[in-house]
Amino acid sequence: MAYDEYLVDRIRITFKHKNVSFEEKKMMGGLCFMVNDKMCTGIIRNNLMARIDPEIYQEALKKKGCREMDFTKRPMIGYVYVEPESLDTEKDLEYWIQLCLDFNPKAKASKKRNKI
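Remember, it's a predicted structure, so these values are computed and weren't measured experimentally.

Here is what the cut-offs are and how they apply
- Residues numbered from 1 in each chain as written.
- Predicted model: local features only at pLDDT ≥ 70, side-chain atom pairs only at ≥ 80, totals over all residues.
- Heavy atoms only, no water.
- Salt bridge = Lys/Arg side-chain N within 4 Å of Asp/Glu carboxyl O.
- Helix = DSSP H or I, 4+ residues; strand = E, 2+ residues; numbered from the N terminus.
- Buried < 20%, exposed > 50% of the residue type's maximum accessible area, 1.4 Å probe, protein only.
- Expected span 1.5 Å × (residues − 1).
- Arc of directions from axis to C-beta.
- Contact = heavy atoms within 4.5 Å.
- Polar contact = N/O pair within 3.5 Å; in protein donor to acceptor, adjacent residues only side chain to side chain.

Colleague: What's the story with the pattern of salt bridges in this structure? I'm lost.
Modeller: Opposite charge on two side chains lets them pair, provided their charged atoms get close. Inspection of every chain in the model, using the stated rule, returns eight salt bridges. Here E90 and R10 are joined by a salt bridge, their closest N and O atoms 3.0 Å apart. Taken as a pair, E90 in helix α3 (residues 90-103) and R10 in helix α1 (residues 5-17) lie far apart in primary sequence, 80 residues in all. What makes E90 partly exposed here is its relative accessible area of 41%. Classification of R10 as buried rests on a relative accessible area of 8%. Of the charged contacts in the structure, one is a salt bridge between E94 and K18, with a shortest N-O distance of 3.4 Å. Residue E94 is located in helix α3, and its partner K18 is located in the loop between α1 and β1 (23-27); the two are separated by 76 residues in the primary sequence. By relative accessible area, which is 25% here, K18 ends up partly exposed. Members of the salt-bridge network, linked through shared partners, are D9, R12 and E24.

Put into C-alpha cells, the structure is as follows:
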C-alpha cells in the first residue's frame, strides 16, 4: 500500500526542527514514526495517523478533518486520522505532531515480539 511521500518528508522536517530523534518503521500498510521506541505518528495512505492523549481524544475529534482511527473496524481511543486538507500548512501539521509528542512520554511501548 502506498503512502504520501510528501507528507513523510514534512513529518521528518518537523521532527528535525524540534530536535526529536525518531525511527521509521513500515507497518499497518503505511509508515510509522517511532519516538522513544513508541509509536508516535504515522501515515496510512494520505492520512496522518496521530497517537494522542486519550484525555483529549474527544476534543480532537471536533477539529476539522479529524476522525476516529478505525483501522481494525473499531475506533481506537487515543488514535486519530487527520485528513490531508487539514494539514495544508506547516502550522497545521506541527499542531498534530506536537499533540503526539506531548503524549509520547505517557504512552506505553508495545511488547517486543520474539523473531523466529
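Colleague: Please explain α1 as it appears in this structure.
Modeller: It helps to recall that an α-helix has 3.6 residues per turn; residues three or four apart then point in one direction. The end-to-end C-alpha separation of α1 is 18 Å, in line with the 18 Å expected for 13 residues at 1.5 Å each. Regarding α1, the residues found buried are L7, V8, R10, I11, T14 and F15. All buried residues of α1 fall inside an arc of 165 degrees around its axis, so they share one side. Facing away from the buried side of α1 by more than 90 degrees, the exposed set consists of Y6, K16 and H17. Packing partners of the buried residues in α1 comprise β2 (30-35), β3 (38-44), β4 (47-51) and α3. Between the side-chain oxygen of the N-cap and the backbone nitrogen of Y6 there are 2.9 Å, and the N-cap of α1 in question is D4. Downstream of α1 by a residue or two, N19 has a phi angle that is positive, lying close to 55 degrees.

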